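The chain contents come next:
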Amino acid sequence: MNYTFDFAPVFAAWPTLLEGMIGTLRMSSLSMVFGLSLGIFFMMMRMSKLPTLRTIAIGYIELIRNTPILVQVFFVFFGMPAIGIRLSGEQAAILAMTLNCAAYAAEIVRGGVQSIRPGQIEAGRALGMHTADIYRFIVFRPAIRAVYPALCSQFILMMLNSSLVSSVSAEELTYFAQTLDAQTFRSFEIYFTLGVIYLLLSQFVSVALGIIGRVYFTYPAK
Amino acid sequence: MIRQFGWNEFLFLLEGARWTVVLSLLAFAVGGALGLAVALGRTSKWKPLRIFMATYIQIFQGTPLLVQLFFVYFGLPLLGFKVDVWVALTIGLSLHTSAFLGEIWRGSIQAVPDGQSEAARALGIGYRHRMVDVVLPQALRIGLPATISFLVNLIKGTALAALLGLTELTRSGQLMSNITFQPLQVYGAVALVYFFLCVPLTYCSARIERRLNAAR
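Every value quoted in this text rests on a predicted model; they were computed, and no experiment measured them.

Enquirer: In this structure, what is going on with the overall build of chain A? I would like to understand it.
Expert: Counting its secondary structure elements, chain A contains nine helices and zero strands. Reading the secondary structure of chain A in the N-to-C direction produces α-α-α-α-α-α-α-α-α. Expressed as lengths along the three principal axes of its C-alpha atoms, the size of chain A is roughly 75 × 45 × 30 Å. Taken across its 222 residues, chain A has 46% of its residues classed as buried. Of all intrachain contacts in chain A linking residues separated by at least 6 positions in sequence, the fraction that spans at least 24 positions is 76%. If you sum the accessible surface of chain A, you get close to 11,400 Å²; carbon and sulfur atoms cover 67% of it. The distance from the centre of the 15 positive side-chain charges to the centre of the 11 negative ones in chain A is 18 Å.

Enquirer: Teacher, can you tell me more about a nonpolar patch on the surface here?
Expert: Residues and elements named next belong to chain A. A cluster of nonpolar side chains, contributed by Trp14, Leu18 and Ile22, occupies part of the molecular surface with about 340 Å² of accessible area. Its location among the elements puts Trp14 in helix α2 (residues 14-46). Owing to a relative accessible area of 57%, Trp14 belongs among the exposed residues under this scheme.

Enquirer: Would you explain the interface of chain A and chain B in this entry?
Expert: Frequently, the measure chosen for interface size is the accessible area that the parts lose on association. Each side of the interface is counted separately: chain A has 37 residues, and chain B has 32 residues. Together chain A and chain B conceal approximately 3,000 Å² of surface at their shared face, both sides included; 80% is due to carbon and sulfur atoms. At the surface where chain A touches chain B, the tally comes to zero salt bridges. Linking chain A with chain B are four residue pairs in polar contact (both at pLDDT 80 or more). Elements with a minimum of two residues in the side of chain A that touches chain B: α3 (51-65), α4 (69-79), α8 (173-184) and α9 (187-217) of chain A. Of all the elements, α9(A) adds the most residues to the side of chain A that touches chain B, at 10 residues. The class makeup of the residues in the side of chain A that touches chain B is 22 nonpolar, 12 polar and three charged.

Enquirer: Just to check I follow, could you spell out the UniProt feature "transmembrane region" (unreviewed entry) in chain A for this structure?
Expert: All names here are of chain A. When the UniProt feature table is mapped to this numbering, "transmembrane region" (unreviewed entry) covers residues 20-42, 63-85 and 190-217. Within residues 20-42, the helical portion is 100% and the strand portion 0%, while the C-alpha atoms at the span's ends are 32 Å from each other. Split by type, residues 63-85 is 61% helix and 0% strand. Its first and last C-alpha atoms lie 22 Å apart.

Enquirer: What is the right way to read the packing of aromatic side chains from this model?
Expert: What describes a pair of aromatic rings is the distance from one ring centre to the other and the angle between the planes of the rings. Tallying each qualifying case throughout the model produces 24 aromatic pairs over all chains. One aromatic cluster in this structure is built from A:Phe5, A:Phe7, A:Phe11, A:Phe188, A:Phe192 and B:Phe71. Over the ring of A:Tyr216 we find A:Arg141, and its NZ or CZ is 5.0 Å from the ring centre.

Enquirer: Is there a simple way to explain the pattern of salt bridges in this structure?
Expert: Two side chains that carry opposite charge are able to pair once their charged atoms sit near each other. The final tally for this structure, using the stated rule, is six salt bridges over all chains. A:Arg186 is paired through a salt bridge with A:Glu189; the nearest N and O atoms lie 3.3 Å apart. For B:Arg106, the salt bridge is made with B:Glu103, and the minimal N-O distance between the two is 3.1 Å. In this pair, B:Arg106 and B:Glu103 are both assigned in helix α4 (residues 85-111), three residues apart and thus about one turn of the helix distant. One network of salt bridges, in which partners are shared, links A:Arg46, A:Glu107 and A:Arg110.

Enquirer: Would you take a moment to explain helix α1 (residues 7-42) of chain B for this structure?
Expert: An α-helical turn contains 3.6 residues, so any two residues separated by three or four positions project in the same direction. For α1(B), built from 36 residues, the straight-helix expectation of 52 Å at 1.5 Å per residue is met to within 8% by its first-to-last C-alpha distance of 49 Å. Along its length, α1(B) reaches its greatest deviation from straightness, about 25°, at B:Gly32.

Enquirer: Any chance you could explain α4(A) here in plain terms?
Expert: Extensive coverage of α4(A) is indicated by the burial of nine of its 11 residues. Within the span of α4(A), buried status applies to A:Ile69, A:Leu70, A:Val71, A:Gln72, A:Val73, A:Phe74, A:Val76, A:Phe77 and A:Gly79.

Enquirer: Mind showing me how you'd approach a positive patch on the surface here?
Expert: Residue and element names in this part refer to chain B. A contiguous patch of positive charge on the surface is contributed by Arg141, Arg207, Arg210 and Arg211. Sort the elements by how many residues they give to the positive patch and helix α8 (residues 183-215) lands first, with three residues. Secondary-structure assignment places Arg210 in helix α8. Classification of Arg210 by relative accessible area gives exposed; the value is 55%.

So, how was this worked out
- Residues numbered from 1 in each chain as written.
- Chains lettered and ligands numbered in written order.
- Predicted model: local features only at pLDDT ≥ 70, side-chain atom pairs only at ≥ 80, totals over all residues.
- Heavy atoms only, no water.
- Helix = DSSP H or I, 4+ residues; strand = E, 2+ residues; numbered from the N terminus.
- Buried < 20%, exposed > 50% of the residue type's maximum accessible area, 1.4 Å probe, protein only.
- Contact = heavy atoms within 4.5 Å.
- Areas by Shrake-Rupley, 256 points an atom, 1.4 Å probe, with all protein chains shown as cover.
- Lys, Arg positive; Asp, Glu negative; His and termini not counted.
- Charge placed at Lys NZ, Arg CZ, Asp CG, Glu CD.
- Patch = residues over 30% accessible without salt bridge, like charges linked within 9 Å, V, L, I, M, F, W, Y side chains within 5 Å.
- Salt bridge = Lys/Arg side-chain N within 4 Å of Asp/Glu carboxyl O.
- Buried area = accessible area lost by both parts, 1.4 Å probe.
- Polar contact = N/O pair within 3.5 Å; in protein donor to acceptor, adjacent residues only side chain to side chain.
- Nonpolar A, V, L, I, M, F, W, Y, C, P; charged D, E, K, R; others polar.
- UniProt positions renumbered as here; feature names shortened; annotations may be inferred.
- Phe/Tyr/Trp six-rings, centres within 6.5 Å; stacked < 30°, edge-to-face > 60°.
- Lys NZ or Arg CZ within 6 Å of the ring centre and 35° of its normal.
- Expected span 1.5 Å × (residues − 1).
- Bend = angle between axes of the 7 residues up to and from the residue.

Structure representation (structure tokens):
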């Protein structure tokens, strides 16, 4: 093996990598927030009393969960213009990741909601609470708390998966790394550094979400 | 004249799907063998080995599969190996698989009640037979649903091979979409093929899981 490692061009490009990191975090956070909201909507459809709504939700969830996210990204990015909706790389990436995340989030949150015992809701009703309050304090908050760790790993998974939206030129970490590779030909050094950055990023996010969870879900608060 | 997306074009996609299946099975077989070693190392009594395997798993779970594949693809030539994209992908996906299956099987091995291996030890059965005849068969049962779910993830993961230029299902879709200019139909068809590859496995996994839960 007579290869001289040269990390200098990689380190010299740190502003680009930082921009990529911000891009990755921005796209995955936005997709997570939108995806979770859409997911809760699908979860309610999935648990509704109407068979039609249930079937639609199950169909959607299974379709998304059994196809690769790369194909979903391609479908959105290349397919949408065919029906007249032109999206930039980043918009297509966020849309595809949102649709993807919604299916997973729906199943995760459903697990949480099903863990709420009916007695809890009845107790809330016996205390004369509003339906809205019952849903907010007795169903949703404890349900989200129960599945918070699963949602966190879903978010990290999403962040790692966002690496493949570089293929539709959405400007995130892997995209900039590939650009850098094309300029400097230091492939090994670049992808090694990229791996380290993702590893640190996922550890960091995992710790940060853990702290947020402890602050937000410590209760009974106040 | 631009080609329309018809039956022959669909058959072209299916031809690509064949490589998706081959690649998944190859990675699953090699990765499964390595994964068993990772799981045994992760549950061994020797601490350095446990820490090493934990780090190994952490690295693969904390970085994107795409970056792992790039890393293998560009890293191996530096060690003096001339690698074909097939070899690089098989190695990359196998390593990825070994880390994930290792973690799944570690959980299953630890879920087997301690009394089982204690009883085996009391009977004077050595490590090898204790594992092969007592612990692993029970762990296999517990870990089966998660293993099948991972296989689904692996099949979906092989789509990334398209980005390295291997003509499997997704790449065939890209080529076909460029020829026919009907991305909506082509990627829809690609998604459907993946769907029909994965759904039976997902269904199987859910069924086994339900049966295991009912038994408890």
